[in-house]
Amino acid sequence: MNPEPPATSDASEAVTPQVLREQYESGATVDELVAASGLSYGTVLNRLHDAGTVMRTSWQTRRMRQNPQARRRLAAHLRTLYEQHGATLTELAAAAGETRRSARRLLIEAGGTVRTTQQTLRIRAAARAAERHKLALSLRARYEAGATVPELATEHTYSVATVYRLLHQAGTRMRPQHNHGPTCGEGQRP
């Protein structure tokens, strides 16, 4: 891939860091940018750095050039995991077999926006709350069908107190408690 040099009279001034970054992120190597721009290797690196470019290793460049369609598919898949399933960059890296930095780069290439840690925590908390509400409604249905709280606790490996709390959160109308012990007082049989 040989990027076209910008048409200017003074290459040193006209080749902006942003132009170099765009060409580099399209797949050009630093050597190709040096040849196309007429700038020194160090100047190209400095301008890429000034533009905030995330640098690739040589094997990443080779991999990118070998199959750009597979790279786009992977980037789109990672974006879906990130945006629709609340995955973290670490989880994306594990899914892609890449580093966090590479996963972040792929996410951005696919048009994704990187979240803050707080945003990720909020997404995860909302997902857990939705799961807990779903569980509470399921417990309520079983309880209203006749299951007892201890049975539900055993069935779901929760404590009795947790089952009561979930039933309460689901707005369950509790059955009256039975008093199975001997009665005392007025209504006692002889």
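Read on for an overview of the structure.

Below, the discussion takes up the nonpolar core. A general trend in soluble globular proteins is that nonpolar side chains are found buried together. Counting residues in hydrophobic clusters, the biggest one holds 12 residues: Leu-135, Ala-136, Leu-139, Tyr-143, Ala-147, Val-149, Leu-152, Ala-153, Val-163, Leu-166, Leu-167 and Ala-170. Listed by contribution, the elements that provide at least two residues to this core are helix H9 (117-144), helix H10 (149-156) and helix H11 (160-169). Considering every element that reaches this core, the biggest residue donor is H9, with 4 residues. Among all residues touching Leu-166, those that are not within four sequence positions of it are Arg-132, Leu-135, Ala-136 and Leu-139. Ala-87, Leu-89, Leu-92 and Ala-96 belong to the second-largest nonpolar core, a separate cluster that totals 11 residues.

Here the focus is the pattern of salt bridges. Here the structure, examined in full by the defined rule, presents 6 salt bridges. Here Arg-71 ties to Glu-109 by a salt bridge, and the two come within 2.6 Å at their closest N and O atoms. Of this pair, Arg-71 sits in helix H6 (residues 68-84) while Glu-109 sits in helix H8 (residues 100-109), placing them 38 residues apart in sequence. Judged by relative accessible area, which is 41%, Glu-109 ranks as partly exposed.

Time to look at unusual backbone geometry. Even without being glycine, Thr-157 reaches a positive phi, approximately 50°. With respect to the element layout, Thr-157 can be found in the loop between H10 and H11. Accessibility expressed as a relative area gives 70% for Thr-157, which makes it exposed.

On inspection of all chains with the given rule, the structure shows 0 aromatic pairs. When the ring centre of Tyr-24 is taken as reference, the NZ or CZ atom of Arg-56 above it lies at 4.0 Å. In this structure, Arg-175 is placed above the aromatic ring of Tyr-143, and the distance from its NZ or CZ to the ring centre is 4.0 Å.

Among all positions of helix H7 (residues 89-96), only Leu-89, Leu-92, Ala-93 and Ala-96 are buried. For H7, the angular spread of buried residues about the axis comes to 100°, placing them on one side. If you follow the buried residues of H7, they end up packed against helix H5 (58-66), H6 and H8. Just past H7, the residue Gly-97 takes up positive phi, approximately 70°.

Further remarks concern H8. Taken residue by residue, H8 has Ser-102, Ala-103, Arg-105, Leu-106 and Leu-107 as its buried positions. Its buried side turned inward, H8 meets H5, H6 and H7. Looking one or two places after H8, you find Gly-111, whose phi comes out positive at around 95°.

Here we take up the environment of Leu-92. Inspection of the secondary structure puts Leu-92 in helix H7. Residues Leu-92 and Ser-102, spaced 10 residues apart in sequence, show a C-alpha to C-alpha distance of 9.4 Å.

Turning next to a nonpolar patch on the surface. Nonpolar side chains collect at one region of the surface, where Val-160, Tyr-164 and Met-174 lie side by side and expose about 230 Å² of accessible area between them. Mapped onto the fold, Val-160 is located in helix H11. On the accessibility criterion, Val-160 (37% relative accessible area) is partly exposed.

Basis of the calculations
Residues numbered from 1 in each chain as written. Predicted model: local features only at pLDDT ≥ 70, side-chain atom pairs only at ≥ 80, totals over all residues. Heavy atoms only, no water. Core = buried A, V, L, I, M, F, W, Y, C linked by side-chain atoms within 4.5 Å. Buried < 20%, exposed > 50% of the residue type's maximum accessible area, 1.4 Å probe, protein only. Helix = DSSP H or I, 4+ residues; strand = E, 2+ residues; numbered from the N terminus. Contact = heavy atoms within 4.5 Å. Salt bridge = Lys/Arg side-chain N within 4 Å of Asp/Glu carboxyl O. Phe/Tyr/Trp six-rings, centres within 6.5 Å; stacked < 30°, edge-to-face > 60°. Lys NZ or Arg CZ within 6 Å of the ring centre and 35° of its normal. Arc of directions from axis to C-beta. Patch = residues over 30% accessible without salt bridge, like charges linked within 9 Å, V, L, I, M, F, W, Y side chains within 5 Å. Areas by Shrake-Rupley, 256 points an atom, 1.4 Å probe, with all protein chains shown as cover.

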